[in-house]
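Coordinate inspection notes
Letter by letter, the chains look like this.
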Amino acid sequence: MYLVADINVDICAQTSCKLCTQFCPEANTILYNDQAGKEKGYKYGAAYVAVDRCKGCAQCVWVCDNMAKHHAITMIMIDQLPKAAITDNVTYGEKSTTALLASPVVG
Amino acid sequence: MSLDYVKFSPGFEKFMPKEYRDMVEHGPFGKKVSVSQMGSFKEILEEHPMCAGCAMTLFIRLSMISFPNPEDTITVGTAGCGRLAISQAAIPFVYGNYGDQNGVASGLSRGLRLRFGDKPKDVVVMVGDGGMADIGFSATLHSWFRKEKFTTIMLDNEVYGNTGGQESGMTNRGAVLKMAPLGKKFEKMDMVGMAKIAGCAYVATVVPNNPRRVETVIKKAVLIAREVGPAYIQAYTSCNIEYAIPTDKVMEDAKNVEGDRYQFSEYITDDAKQYLAERYGYKEFLPKPAAAVTKA
């Protein structure tokens, strides 16, 4: 098993910094959903990780902890994630994306 | 080299892979995208085989987003890590033989001008420090002296990262590497100084720990290279393998190096300032109003 980044929606949706997306070396890996957390009353939406593209470098964790100071991202073993976004389930919209969450582990 | 080249062939839409369909429908072609919109559109760069946490990849990703007209851009590269990512993008990539990338780009740039006239077609060279400052040094300097109009970007990781860690001309004095165990005995080459002497219209040094700054620098360089003269960007893109930087500390290292030897610097000739202000509305380069005459 290997580590991937996991973003806490409750913390992320209270901010709109998007720094993790801007510092991730992988393209289209940390994506942004402007509807995430709306049902809980949060304003901004939240970032999420397409785990099939995450290489586990944890740069986003350093950026979230030290630059944004939000502490919303942790590294987690991929089989410990009950549901996650993968590239095949991501739908692009006009200004945002949405993802159907599914178990990232096959079999 | 136009908006037409990222399209479905009629009848084949449903057979295309998801990444291709996303690129056609939600890619940046023909739109203005910026770093602040990252994460909400399909990027030109695709999955690539670069190492986890590579700062060079981050810089390449930011550059691809910053190109003013990606549909009219061709990238030129050579051997080295960078080409592994640059070639995985939805814009044409020309692989120059080691060292001749600025020669290839010179011909390409001139040919595109002959073929398309005034319609801007941007040529961007992106190569590592070894490919440019050591092996491609003569072609690079000569293209600048000839005032060839294209952008040259050095991805400076201060080592030959792809071949096991030999010292390059851009390695710092005293640096001990796997294949340079006694430490480098000479100073880092001053490519920025040489670019200015050779007559580049725009010269900048950046570190990718400030995405918006990378965006503005790339945009200015590519626009200036369209009509004014050669543009050169030197970017610090650490090699976390050869310099043993933990992947989660790559940005911390970038910040330290920026404070130490890679401060942001920008050199723009007066012609280029005037061109940016008049043609593209850069307010910071507009002539300042004459100071009010004060009565003595």
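Structure's up top.
Small disclaimer: the values here were computed from a predicted structure and weren't measured.

Reading guide: rules and limits
Residues numbered from 1 in each chain as written. Chains lettered and ligands numbered in written order. Predicted model: local features only at pLDDT ≥ 70, side-chain atom pairs only at ≥ 80, totals over all residues. Heavy atoms only, no water. Core = buried A, V, L, I, M, F, W, Y, C linked by side-chain atoms within 4.5 Å. Buried < 20%, exposed > 50% of the residue type's maximum accessible area, 1.4 Å probe, protein only. Contact = heavy atoms within 4.5 Å. Helix = DSSP H or I, 4+ residues; strand = E, 2+ residues; numbered from the N terminus. Polar contact = N/O pair within 3.5 Å; in protein donor to acceptor, adjacent residues only side chain to side chain. Buried area = accessible area lost by both parts, 1.4 Å probe. Salt bridge = Lys/Arg side-chain N within 4 Å of Asp/Glu carboxyl O. Pairing = 2+ DSSP bridges. Axes fitted to C-alpha atoms, helices over the stretch in contact; angles between N-to-C directions. Left-handed = near helix turned anticlockwise from the far one by under 90°.

Some words on the nonpolar core
Soluble globular proteins tend to pack their nonpolar side chains together in the buried interior. With 62 residues, the main nonpolar core has Phe59(B), Tyr202(B) and Ile233(B) as its most contacted residues. Ile233(B) has contacts with Phe59(B), Thr152(B), Ile153(B), Met154(B), Tyr202(B), Ala204(B), Val206(B), Val217(B), Ile218(B) and Ala221(B), leaving out every residue within four places of it along the chain.

Here's the deal with the environment of Arg83(B)
Residues and elements named next belong to chain B. Mapping Arg-83 onto the fold places it in helix α3 (residues 82-86). By relative accessible area, Arg-83 is classed as partly exposed at 23%. Here Arg-83 is in contact with Thr-78, Phe-93, Tyr-95 and Asn-162, once residues within four sequence places are set aside. In terms of polar contacts, Arg-83 uses its side chain to reach the backbone carbonyl oxygen of Gly-80, at 2.7 Å.

Quick word on the interface of chain B and chain A
Taken residue by residue, the interface counts 34 residues in chain B and 29 residues in chain A. Around 2,600 Å² of area is buried between chain B and chain A when both sides are counted, 52% of it from carbon and sulfur atoms. Considering only the side of chain B, the residues that lose the most area to chain A are Lys18(B), Ser40(B) and Arg61(B), jointly responsible for 19% of the buried surface there. The tally of links between chain B and chain A comes to 1 salt bridge.

Overview of the sheet that holds strand β5 (residues 202-206) of chain B
Residues and elements named next belong to chain B. One open sheet accounts for 7 strands, arranged β2-β1-β3-β4-β6-β5-β7; its pairing is mixed. Because the sheet does not close on itself, it has two edges, and the strands there are β2 (93-95) and β7 (265-268). Sheet twist, expressed as the average angle between the axes of neighbouring strands with direction ignored, equals 15 degrees.

Observations concerning unusual backbone geometry
For His71(A), which is not glycine, the phi dihedral falls at a positive 50 degrees. Examined against the element boundaries, His71(A) turns out to sit in the loop between α3 (59-68) and β4 (73-77). Its identity is not glycine, yet Ala244(B) carries a phi of approximately 50 degrees, on the positive side. Along the chain, the position of Ala244(B) falls in the loop between β6 (231-236) and α9 (250-260).

Details of the packing of helix α6 (residues 137-145) of chain B against helix α7 (residues 191-198) of chain B
Residues and elements named next belong to chain B. In the contact formed by α6 and α7, the axes pass within 8 Å of each other and the chain directions differ by 35 degrees. Considering only the axes of α6 and α7, their crossing is right-handed. Judged by residue contacts, Phe-137, Trp-144 and Phe-145 of α6 engage Met-191, Met-194, Ala-195, Ile-197 and Ala-198 from α7.

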